[in-house]
Amino acid sequence: MIAFDLIGQTPLVLLESFSDENVQIYAKLEQFNPGGSVKDRLGKYLVETAIKEGRVSSGDTIVEATAGNTGIGLAIAANRYHLNCVIFAPEGFSEEKISIMRALGADIKRTPKAQGMIGAQTEARRYARDFGAVYMNQFETEHNPAAYTHTLGKQLTDALPNIDYFVAGVGSGGTFTGVAQHLKQYNVKNVIVEPEGSILNGGEAHAHDIEGIGSEKWPIFLERSLVDHIITVSDNDGFENVKRLAQQEGLLVGSSSGAALQGALDIKNKIDKGVIVTIFPDGSDRYMSKKIFDYKGE
């Protein structure tokens, strides 16, 4: 086995201190991917699909707009297949992610924080057009959810054939959509978690401190028929759960994982018996500059 083959080989654990004899909560720990997040799966799949389709070959350049984790996954895959990788990332997100992408050889170009991810997407498209690069387009490509359907989704049902609820955060929507498409055939209820400031539950768009999830518009490939419920989580609850997971489970996770746990706990409080599965997308190590364990709502 080579390091690249470790992508997708992540553990599923029972959250013992948040479960009881009637309701169990399990989490898939995606920080154990080589690049430290669930988006390693996406980076690998998007690059390998582009190669199979003849859109890229050795020496070509791929470009993407991302706050970090997708860029890390793409940079790892680009190195594997001898591609150049250019990333447009808004200011204001985790600097650890930027440093990791640079360490992997990606060319990082920053865009104004006020323009958000939409501004970064605009610049990535322009770069692809002007320089003949291939825009990977994680927010719109049908290959995004496909990266998870037969890998992450199948891994969950192989390990736990009796899942009642799947709870996951939504950013681009790919992880949720891909897994939910697989789980629907097992009659699993699929629950979205979003931070306050995301619009999926009908709220107004505004800035939030939970990174990696939240949408300014409904993701293009997120089928509404897959969504059984949407839970909106405050920054405070998400970050408080990060500390609880560290102290009670020994798990060092990012704020989107704290939000996912809050969604799972909300479901747990509404049911008498069942199995809940969630995704912890990444680890806390890439958010230390954001004072993830000392959040005070700044």
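Residues numbered from 1 in each chain as written. Predicted model: local features only at pLDDT ≥ 70, side-chain atom pairs only at ≥ 80, totals over all residues. Heavy atoms only, no water.

Would you explain the UniProt feature "domain: Tryptophan synthase beta chain-like PALP" (unreviewed entry) in the chain in this entry?
Under the UniProt annotation, the feature "domain: Tryptophan synthase beta chain-like PALP" (unreviewed entry) is placed at residues 5–282. Counted over residues 5–282, helix gives 38% and strand 19%. Its end C-alpha atoms are 18 Å apart. (UniProt positions renumbered as here; feature names shortened; annotations may be inferred. Helix = DSSP H or I, 4+ residues; strand = E, 2+ residues; numbered from the N terminus.)

What's the story with the pairing of strand β8 (residues 189–195) in this structure? I'm lost.
On any regular strand, side chains alternate: one points to one face of the sheet, the next to the other face. Within β8, 6 of the 7 residues are buried, leaving the element largely enclosed by the surrounding structure. Here 5 bridges tie strand β7 (residues 165–169) to β8, and the two strands are oriented parallel to one another. Bridge pairing in β8 places Tyr 165 opposite Lys 189. With 5 bridges joining them, β8 and strand β9 (residues 229–233) adopt parallel strand pairing. Note on β9: the bridge partner recorded for Ile 192 is Ile 230. (Buried < 20%, exposed > 50% of the residue type's maximum accessible area, 1.4 Å probe, protein only. Pairing = 2+ DSSP bridges.)

Even after reading the chapter, I still don't get the packing of helix α1 (residues 39–52) against helix α2 (residues 69–80), so can you show me in this structure?
The axes of two packed helices give the description: the angle between them and the distance between them. Closest axis-to-axis distance for the α1/α2 pair is 7 Å, and the angle between their directions is 45°. The pairing of α1 with α2 is recorded here as oblique in orientation. Between α1 and α2 lies a crossing whose hand is right-handed. Side by side, α1 and α2 meet where Lys 39, Asp 40, Leu 42, Gly 43, Lys 44, Leu 46 and Val 47 of the first sit next to Asn 69, Thr 70, Ile 72, Gly 73, Leu 74, Ile 76 and Ala 77 of the second. A per-class count over the contact of α1 with α2 returns 7 nonpolar, 4 polar and 3 charged. (Axes fitted to C-alpha atoms, helices over the stretch in contact; angles between N-to-C directions. Parallel < 35°, antiparallel > 145°, perpendicular 65-115°, else oblique. Left-handed = near helix turned anticlockwise from the far one by under 90°. Contact = heavy atoms within 4.5 Å. Nonpolar A, V, L, I, M, F, W, Y, C, P; charged D, E, K, R; others polar.)

Please clarify how the sheet that holds strand β10 (residues 274–280) should be interpreted in this entry.
The pairing of strands in a sheet comes from backbone hydrogen bonds and takes either a parallel or an antiparallel form. With respect to topology, 6 strands assemble into an open sheet ordered β1-β2-β10-β7-β8-β9, the strand pairing being mixed. Sheet topology places β1 (12–14) and β9 at the edges, where each strand pairs with a single neighbour. This sheet shows a mean twist of 25° between the axes of neighbouring strands, independent of strand direction.

Just to check I follow, could you spell out helix α7 (residues 235–249) for this structure?
In an α-helix, one turn spans 3.6 residues, which is why side chains three or four residues apart end up on the same side. With 15 residues, α7 extends 21 Å between its outermost C-alpha atoms, agreeing within 8% with the 21 Å of an ideal straight helix rising 1.5 Å per residue. Three or more residues of α7 are buried, namely Asp 235, Gly 238, Phe 239, Asn 241, Val 242 and Leu 245. Across the axial projection of α7, the buried residues extend over an arc of 150°, all falling on one side. Those residues of α7 that are buried are in contact with β9, α8 (255–268) and β10. Where α7 terminates, the next one or two residues include Gly 250, which has phi positive at roughly 70°. (Expected span 1.5 Å × (residues − 1). Arc of directions from axis to C-beta.)

So what exactly am I meant to see when it comes to the packing of aromatic side chains here?
Aromatic ring pairs are defined here through the distance separating the ring centres and the angle between the ring planes. Scanning all chains against the criterion turns up 5 aromatic pairs. Centroid distance Phe 4 to Tyr 81: 6.0 Å. Interplanar angle 85°. Geometry classified as edge-to-face. Separated by 77 residues along the polypeptide, Phe 4 in the segment before β1 and Tyr 81 in the loop between α2 and β4 (84–90) bring together distant segments of the chain. Accessibility expressed as a relative area gives 26% for Tyr 81, which makes it partly exposed. (Phe/Tyr/Trp six-rings, centres within 6.5 Å; stacked < 30°, edge-to-face > 60°.)

Just checking my understanding: could you explain the pattern of salt bridges for this structure?
Two side chains with opposite charge may pair up if their charged atoms get near one another. Per the stated rule, a full pass over the model turns up 16 salt bridges. For the salt bridge of Lys 109 with Asp 107, the shortest nitrogen-to-oxygen distance reads 3.3 Å. Residue class for Lys 109 comes out partly exposed when judged on its relative accessible area of 28%. Residue Asp 294 pairs with Lys 296 through a salt bridge whose shortest N-O separation is 2.4 Å. For Asp 294, a relative accessible area of 41% translates into the label partly exposed. Each of the salt bridges in this network shares a partner with another, and the network as a whole consists of Glu 91, Glu 95 and Arg 110. (Salt bridge = Lys/Arg side-chain N within 4 Å of Asp/Glu carboxyl O.)

Which parts of the structure should I look at to understand the nonpolar core?
In a soluble, globular protein the nonpolar side chains are often hidden away together inside. Core analysis: the largest hydrophobic core is formed by 49 residues, its most contacted members being Ile 62, Cys 85, Met 136, Phe 166, Phe 176 and Ile 192. Listing elements by their share of this core, those giving two or more residues are α1, α2, β4, α3 (95–103), α5 (143–159), β7, α6 (174–183) and β10. Counting residues per element, this core draws most heavily on α2, at 6 residues. Apart from the residues lying within four places of it in its own chain, the contact partners of Cys 85 are Ile 62, Leu 74, Ala 75, Ala 78, Gly 105, Ala 106 and Asp 107. Within the second largest apolar cluster, 30 residues are counted, among which are Leu 15, Phe 239, Val 242 and Ile 271. (Core = buried A, V, L, I, M, F, W, Y, C linked by side-chain atoms within 4.5 Å.)

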